Amino acid sequence: MALLEVENLTVQFYTEDGVVRAVDGLSYEIEAGETFAIVGESGAGKSVASLSLLDLVGRPGEIVDGEVRFRGRNVLELPREELRRLRGNDVAIVFQDSQAALDPVYTVGEQIVETMRAHEVASGREARERAIALLERVGIADAQSRYSDYPHELSGGIAQRVLVAVGLSCEPDLLILDEPTTGLDVTIQAQLLELLEELASSFETAIQLVTHDLGVVAECCDRVLVMYGGRAVERAPVEELFYDPAHPYTAGLLASIPRIGADRERLPSLPGGPPNPIQPPTGCRFHPRCPYAEEVCATSEPDLVETETGTAADATRQDHVAACHEHTGDLEDGLGYAVRVVDDSPDATRGTSPGGSSGRGHDDR
Amino acid sequence: MGCRKGFDERVGRRTILRGLGAVGTIGLSGCITAERDDRISESGPTELIQRGFEATGVDAPFETTIYANAENGERSRWAQLVQHELNETGLFDVDFEQLEWGSYEQLCLNMADNAENALVTLDISGGWDPHTYVNSLFHSDRRSPNGFNFNHYTDDRTDELIDSGLAESDPERRADIYRELQERLARQVPISIVRSGEETAIYRCDAIDDWRQYPLPGSEYDAVYTPYGREFLESEDGAELVVDLPATVSNPDPVRMNDTTSNMATTPIYEGLLAVDFEGAVRPSLATDWEQLDPTTYRFELRGDVAFHNGETLTADHVRATFERYAGTPRETDVYDWYEDTVVIDETELEIHLEREYGPFEVSVGVPIVPLAASEGALDLSEEPTGTGPYRFDEYADGEYWRLRRFDGHWFDGDESVPERPPVETITMRIVPDPASRRAAIEAGELDLATQISAADVTDLETQSAYCVERSAAGAIDFLVYPAYLEPFTNADVRRGIDRLIPRETIVEDVYAGVGAVAYTPIPPLLEEFAVDSLDPDR
Amino acid sequence: MSIIRYTLRRALTAVPVLLGATAITFSFVYLTPGDPVDVLVGFDHVDPETRAALRAEYNLDRPLWQQYLLWLGDVVTFEFGESPITGRDVGETVASRLPHTVALGVASWTLSLAIGVPLGILAAIKQGQPADEASRIAALVGIATPNFWLGLVLLFVFAVHLGWVRVTPPDAPLVSLEMAWFVILPTVTLATALAAIVTRLMRSSMRRELDREYVRAARARGLRERTVILKHVLRNASTAVVTVAGLQIAFLVDGAVVVEHVFSWPGMGQLLVESIGRRDVSVVQASVLLIAVATVAANLLVDVAYAIIDPRIRHDR
């Protein structure tokens, strides 16, 4: 049994213009201690999916189908009090906008201590000491005085670290990081990622990293899920995804990363924008933007299948799966892109644990 | 706010007038205005107005505005009735507007100076003397803001008549003067008199046996115990009577008093030389006897053994000091309009010399006699009103209540109609500014008696057996002021025409629920000898 | 900056405000035609010499600015003098009314917050549900109900028909059980509209705050819903309510005129209206000064409350 099992998760938003299916039948699993990434453009449904894990999708959104099982128990059907105990304690979220996610009228320390108190992890002087230690742990200098700072007194990087400290305060089994590096400058991003990796291993915490930045994924993740228009389009161990992207959208994303893309036959960055969420395109949602789209793509919606066998994907397996007609043999001309990895690129392997086997440059199809 | 907002043209307290009969004979026969002018007697009101328009070169419809103050619902309603009648003729296009009292007061007092194109609706209350009704409204010396001659009406003959009425002390000659004056005013119509008012009191029949209502505002609570008026309130000895005051007491010192409420609160405290009883007859109060020696000299004999609340004993010196205390004070004219000096003959005898022959002398001389301590400045009557009356001041909680207690040292020894001492020991006057709350308070039993209840509430409560209503014709008149300084209102025909259009019967019956009476002349029927109920059409 | 220093600095800025407010009312009272002496003599015909003497007695013959300075000089030494109209000490007159105003004001202020705040919170967290709709309608009715009408209805129902309370204040000390019982109706009358305003305001600022990210974050941290609402959302949402509640303190000094009138309550509102009618400038001025002080103090309290509620404010200034 995996730590987290998401099955057929479907979330709808009821807007003035119509119903939006923000997450559409999403399934995946995260093992204990694993670092799992969800990648996609903004609006792909990755943040909503993350919020669903703690049943935090507020109105006008609604989880209309599916299950989120944490240690085998369906989070979406937990009694209120048990759900509350789960939140922050077993599963914690570090929100994207760190300044907004901290209550402006309480000090940093109070918010950490409060979280610990809510889960009876620690209280009083002990909680305070632990909070200061945590702040030190996430690399905040002068933690003692930062403890009584208000959120508006913090810089973006520090605030993000504080939020990580809050997230870790009850030593959760799963930490969800929603775009943790957005808005931070490159150096600080790097520091933060390093820190996360280190913390994940020392706290034995599984991480679900939500990002639009494949560069970040390459550096620290075990497996990756790519979302497009509320659906999973590809899921694979990180190195396979990078070396052998099985969905043209993934390939497009990769191409837009300067460090990793091939220097020849580079795909132009993805033309067009995300699909209209109220009236998504027929067939494959990506087909209007796909350079390899054929007639079938506009009429028939591809299933998520194993890229090797073309059989229906199983959420429990660590396989490489993708949702493209190519893998069921329905595409006449196939996908015409190739990936070339440059051996001597220091960026390609820097600091990544799973992607160590560089130099496996090969042409796909 | 207070439902009763009007100008209170106060006379001196306890004014005197001889030979006035029973009140309540109200009612005037027919329309008395303009009938005697042959030229117009056959014309209807619209013809009159049209003729006036032609004479002044004004085209119909003439646009103007009629005003009332928002606090007075009844006044607003009758103003609108007048507006309706005028618009019906097609000769006028009249707007109606309500103002808050403060702005309204300013509009009225300055309407002539500002040449306002405005008709205003008001009422005044006067005293026992006709002078108080005609002087302030019509004399050219009293053009507002120095009086209530709002439209600055100026007529030499009117001034002459008013002045000679004041200076005449023979009652019959005075009656002739005021008759001529009123006939003249009825021809000229500087303002239109609409209604004469009533004083009403509502009381709980279980708490009060029989209440006698004083016709003039300010002296209501004399009815609790007045040797001079041969009235008193029967009750068990030592009882407390709870009555109302419609506002806070602004100042209980007679030389600074400027509102009716202070008057109401203090009548049982003070006494004067003479007093006017409920029928309007002059009665001795602190004087036992008096006579007019010559047109400007009166001799008074004082009652002996009269004690003030502060222990002083009344002497002729008190009388002189009281009069002279008025010099240089806000109420100076109460006395110095006629007073020359006082010659003290002995402890109880004195002569008052007048600077001129003065018609209303006997109604004016009854000002409150106050202790020497007050005249000498040792006693502040603003803080501690002190007199010789049957009740003494007990306490005042500002804005809450004003309390009087029986004065055990009062001079009266009792006679066949009034006992030696008042049965009511305490009079608590509760300040209840809102008329609807006054009604509620009397229904809840917190007031034994309430004054100044709205006309609708009076007629409503009258039908319930638990409440008794005492009504009496009063010295108050409602009237409409024309902007007589402005064409076409400069033309008397226009004013006469409008005057005849005023739906007086409807106003009294519908707006005032039958309280009060239709009126055409400024001197109310209360002053029987001076009121005219019909004018000779041949004059 | 410490709260105390912040408070002191804000308090100092109040001085020019007080000077301005009193100077303006001073000139307004004199701009209205009809001076105190006209009222004193009852618009009567008075010997010009007497009139002049009366004017001189109360410094009315001096230029306006001199009168104001004289008044100011007296006020600084807490000497309000004697009213030319009533002959009573102005300070005492105002002081005798003040406790009534404070009592009624504090009671209705407290009541309106006690009703409005929880109701607003309830409406906000039950958005769109029957409780929210009910509170919306109740607030609408509360705002639309005229004070005098409500007061009279309450008076006739509870005092006249049911006989539970008195129509007029009892002969009892201000701080007594009987008085407390009496003051219920005027308090309810005065508090109704204010409670309605507070409810709507509370609801809308709560709604605004509930959509903020920190609320979701607080829930994600596993805080109890009660903690999220009462500790986090309420505190952030309270600034708007604090502003209105603060301004109402000043309003309650002079805004209770109608309620005082209906319930025969001897407060400042009635005193002010009476005194304006009598052109009793001395009492009007003293009342206005008091109201100005109350307003300034209320504003100061609001500012300090802001600074306590929201640390960003005390750091900014």
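Just so it is clear, the structure is predicted and the values come from calculations on it, not from any experiment. (Residues numbered from 1 in each chain as written. Chains lettered and ligands numbered in written order. Predicted model: local features only at pLDDT ≥ 70, side-chain atom pairs only at ≥ 80, totals over all residues. Heavy atoms only, no water.)

Caption draft 1: Geometry of the overall build of chain A. Along its length, chain A carries 13 helices and 12 strands. Out of the 365 residues belonging to chain A, those deemed buried represent 56%. By sequence separation, contacts in chain A at least 24 residues apart represent 66% of the contacts at least 6 residues apart. Accessible surface, chain A: about 15,300 Å² in total, of which carbon and sulfur atoms supply 45%. (Helix = DSSP H or I, 4+ residues; strand = E, 2+ residues; numbered from the N terminus. Buried < 20%, exposed > 50% of the residue type's maximum accessible area, 1.4 Å probe, protein only. Contact = heavy atoms within 4.5 Å. Areas by Shrake-Rupley, 256 points an atom, 1.4 Å probe, with all protein chains shown as cover.)

Caption draft 2: Representation of the environment of Gly409 of chain B. All names here are of chain B. Within the secondary structure layout, Gly409 lies in the loop between strand 16 (401-406) and strand 17 (424-431). With a relative accessible area of 34%, Gly409 lands in the partly exposed category. Once the C-alpha coordinates of Gly409 and Asn149 are considered, the two residues, 260 residues apart in sequence, prove to be 45 Å apart.

Caption draft 3: Structural context of the packing of helix 2 (residues 45-56) of chain B against helix 15 (residues 492-501) of chain B. All names here are of chain B. Where helix 2 meets helix 15, the closest approach of the two axes is 7 Å, and the angle between their N-to-C directions is 155°. When the axes of helix 2 and helix 15 are compared, the pair comes out roughly antiparallel. For the pair helix 2 and helix 15, the sense of crossing is left-handed. The residues of helix 15 that touch helix 2, namely those facing Pro45, Leu48, Ile49, Arg51, Gly52 and Phe53, are Asp493, Val494, Arg496, Gly497, Ile498, Arg500 and Leu501. Of the residues in the contact of helix 2 with helix 15, the class split is seven nonpolar, two polar and four charged. (Axes fitted to C-alpha atoms, helices over the stretch in contact; angles between N-to-C directions. Parallel < 35°, antiparallel > 145°, perpendicular 65-115°, else oblique. Left-handed = near helix turned anticlockwise from the far one by under 90°. Nonpolar A, V, L, I, M, F, W, Y, C, P; charged D, E, K, R; others polar.)

Caption draft 4: View of the state of the cysteines. Residue and element names in this part refer to chain B. Evaluated as defined, the whole model comprises one disulfide over all chains. Between Cys205 and Cys468 runs a disulfide, and the two sulfur atoms are separated by 2.1 Å. Looking down the S-S bond of the Cys205 and Cys468 bridge, the torsion is 125°, so its handedness is right-handed. Here Cys205 is found in the loop between strand 5 (191-204) and strand 6 (225-226), whereas its partner Cys468 is found in strand 19 (residues 467-481), with 263 residues between them in sequence. (Disulfide = S-S within 2.5 Å.)

Caption draft 5: Examining the sheet that holds strand 4 (residues 61-70) of chain A more closely. All names here are of chain A. Strands sit in the order 2-1-4-5 across an open sheet of four strands; the sheet is antiparallel. Two strands in the sheet have a free side with no partner beyond their single neighbour: strand 2 (19-30) and strand 5 (73-74). Relative to strand 4, strand 1 (residues 4-14) runs antiparallel, the two being bridged by eight bridges. Paired with Thr10 across the strands is Asp65, a residue of strand 4. (Pairing = 2+ DSSP bridges.)

Caption draft 6: Representation of the packing of aromatic side chains. Inspection of every chain in the model, using the stated rule, returns 28 aromatic pairs over all chains. Here Phe158 of chain C and Trp164 of chain C contribute two aromatic rings whose centre-to-centre distance is 5.7 Å and whose plane-to-plane angle is 45°, an arrangement assigned as tilted. It is Arg128 of chain A that lies over the ring of Tyr147 of chain A; its NZ or CZ is 4.4 Å from the centre. Over the aromatic face of Tyr106 of chain A sits the side chain of Lys231 of chain C, whose NZ or CZ is 5.1 Å from the ring centroid. (Phe/Tyr/Trp six-rings, centres within 6.5 Å; stacked < 30°, edge-to-face > 60°. Lys NZ or Arg CZ within 6 Å of the ring centre and 35° of its normal.)

Caption draft 7: Examining helix 7 (residues 130-144) of chain C more closely. Residues and elements named next belong to chain C. The end-to-end C-alpha distance of helix 7 is 21 Å, a good match for the 21 Å that 15 residues give at a rise of 1.5 Å each. Those residues of helix 7 not exposed but buried are Asp132, Ser135, Ala139 and Gly142. Within helix 7, the buried residues cover an arc of 90° as seen down the axis, which keeps them to one side. For helix 7, the exposed residues set more than 90 degrees away from the buried face come down to Pro130, Leu140 and Ala144. Considering only its buried residues, helix 7 is in contact with helix 6 (90-125) and helix 10 (184-210). (Expected span 1.5 Å × (residues − 1). Arc of directions from axis to C-beta.)

Caption draft 8: Spatial organisation of the sheet that holds strand 15 (residues 391-397) of chain B. All names here are of chain B. The mixed open sheet is built from four strands, whose spatial order is 8-17-16-15. Unpaired on one side and paired on the other, strand 8 (239-245) and strand 15 mark the two borders of the sheet. Across the sheet, the mean angle from the axis of one strand to that of its neighbour is 20°, orientation sign disregarded. In this sheet, strand 17 lies alongside strand 16 in antiparallel orientation, the contact comprising five bridges.

Caption draft 9: Main features of the interface of chain C and chain A. Contacts between the two partners involve 23 residues from chain C, matched on the other side by 31 residues from chain A. Counting across the interface, chain C meets chain A through two salt bridges. Put simply, chain C and chain A have 13 residue pairs in polar contact (both at pLDDT 80 or more) between them. At the level of elements, helix 11 (213-220), helix 12 (225-254) and helix 16 (311-316) of chain C are the ones that each hand at least two residues to the side of chain C that touches chain A. Class assignment of the residues belonging to the side of chain C that touches chain A gives a composition of six nonpolar, six polar and 11 charged. (Salt bridge = Lys/Arg side-chain N within 4 Å of Asp/Glu carboxyl O. Polar contact = N/O pair within 3.5 Å; in protein donor to acceptor, adjacent residues only side chain to side chain.)

Caption draft 10: Spotlight on the UniProt feature "transmembrane region" (unreviewed entry) in chain C. Residues and elements named next belong to chain C. Residues annotated by UniProt as "transmembrane region" (unreviewed entry) correspond here to residues 12-31, 102-125, 137-159, 179-202, 240-263 and 283-309. Helix makes up 100% of residues 102-125 and strand 0%. Its end C-alpha atoms lie 34 Å apart. Helix makes up 91% of residues 137-159 and strand 0%. Its end C-alpha atoms lie 27 Å apart. (UniProt positions renumbered as here; feature names shortened; annotations may be inferred.)

Caption draft 11: Focus on a negative patch on the surface. Taken together, the side chains of Asp380, Glu383 and Glu384 of chain B together with Glu82 and Glu92 of chain C present a region of like negative charge at the surface. As for its placement among the helices and strands, Glu92 of chain C is situated in helix 6. Owing to a relative accessible area of 55%, Glu92 of chain C belongs among the exposed residues under this scheme. (Patch = residues over 30% accessible without salt bridge, like charges linked within 9 Å, V, L, I, M, F, W, Y side chains within 5 Å. Lys, Arg positive; Asp, Glu negative; His and termini not counted. Charge placed at Lys NZ, Arg CZ, Asp CG, Glu CD.)

Caption draft 12: Fine view of the interface of chain C and chain B. In this assembly, 47 residues from chain C lie in contact with 46 residues from chain B. Of the roughly 3,800 Å² buried between chain C and chain B on both sides combined, carbon and sulfur atoms contribute 47%. There are five salt bridges connecting chain C and chain B. At the boundary of chain C with chain B, the tally comes to 13 residue pairs in polar contact (both at pLDDT 80 or more). Looking at the side of chain C that touches chain B, the elements with two or more residues in it are helix 3 (36-40), helix 4 (48-57), helix 6, helix 8 (147-161), helix 13 (257-262) and helix 14 (268-277) of chain C. Among the elements that take part in the side of chain C that touches chain B, helix 8 of chain C stands out by supplying five residues, more than any other. Its residues assigned to classes, the side of chain C that touches chain B shows 21 nonpolar, 13 polar and 13 charged. (Buried area = accessible area lost by both parts, 1.4 Å probe.)

Caption draft 13: Summary view of unusual backbone geometry. Residue and element names in this part refer to chain B. Across the junction of Ala60 and Pro61, the peptide omega takes the value -5°, indicating a cis bond. Following the sequence through the fold, Pro61 ends up in the loop between helix 2 and strand 2 (62-69). The omega torsion of the bond from Glu487 to Pro488 falls at 5°, within 30 degrees of zero and hence cis. Along the chain, Pro488 turns up in the loop between strand 19 and helix 15.

Caption draft 14: Examining the pattern of salt bridges more closely. This structure, assessed with the given rule, holds 65 salt bridges over all chains. Between Arg439 of chain B and Glu443 of chain B there is a salt bridge; the shortest N-O distance is 2.9 Å. A residue pair is termed a helical-turn pair when its members lie 3 or 4 positions apart in one helix, as Arg439 of chain B and Glu443 of chain B do in helix 13 (residues 435-443) at four residues. We note that Arg439 of chain B, like Glu443 of chain B, is buried. As a salt-bridge pair, Arg212 of chain C and Glu209 of chain C come within 3.1 Å of each other at their nearest N and O atoms. Here the salt bridges share partners, and the residues they tie into one network are Arg21, Asp24, Arg231, Arg285 and Glu301 of chain A.

Caption draft 15: Structural view of the pairing of strand 17 of chain B. Residues and elements named next belong to chain B. Summarising burial for strand 17: seven of the eight residues are buried, a large majority. Examined bridge by bridge, strand 8 and strand 17 share seven bridges and lie parallel to one another. Bridged to Asp244 within strand 17 is Arg430.

Caption draft 16: Fine view of the side chain of Glu198 of chain B. Inspection of the secondary structure puts Glu198 of chain B in strand 5. Among the polar contacts listed, one links the side chain of Glu198 of chain B to the backbone nitrogen of Gly516 of chain B, at a separation of 3.0 Å.

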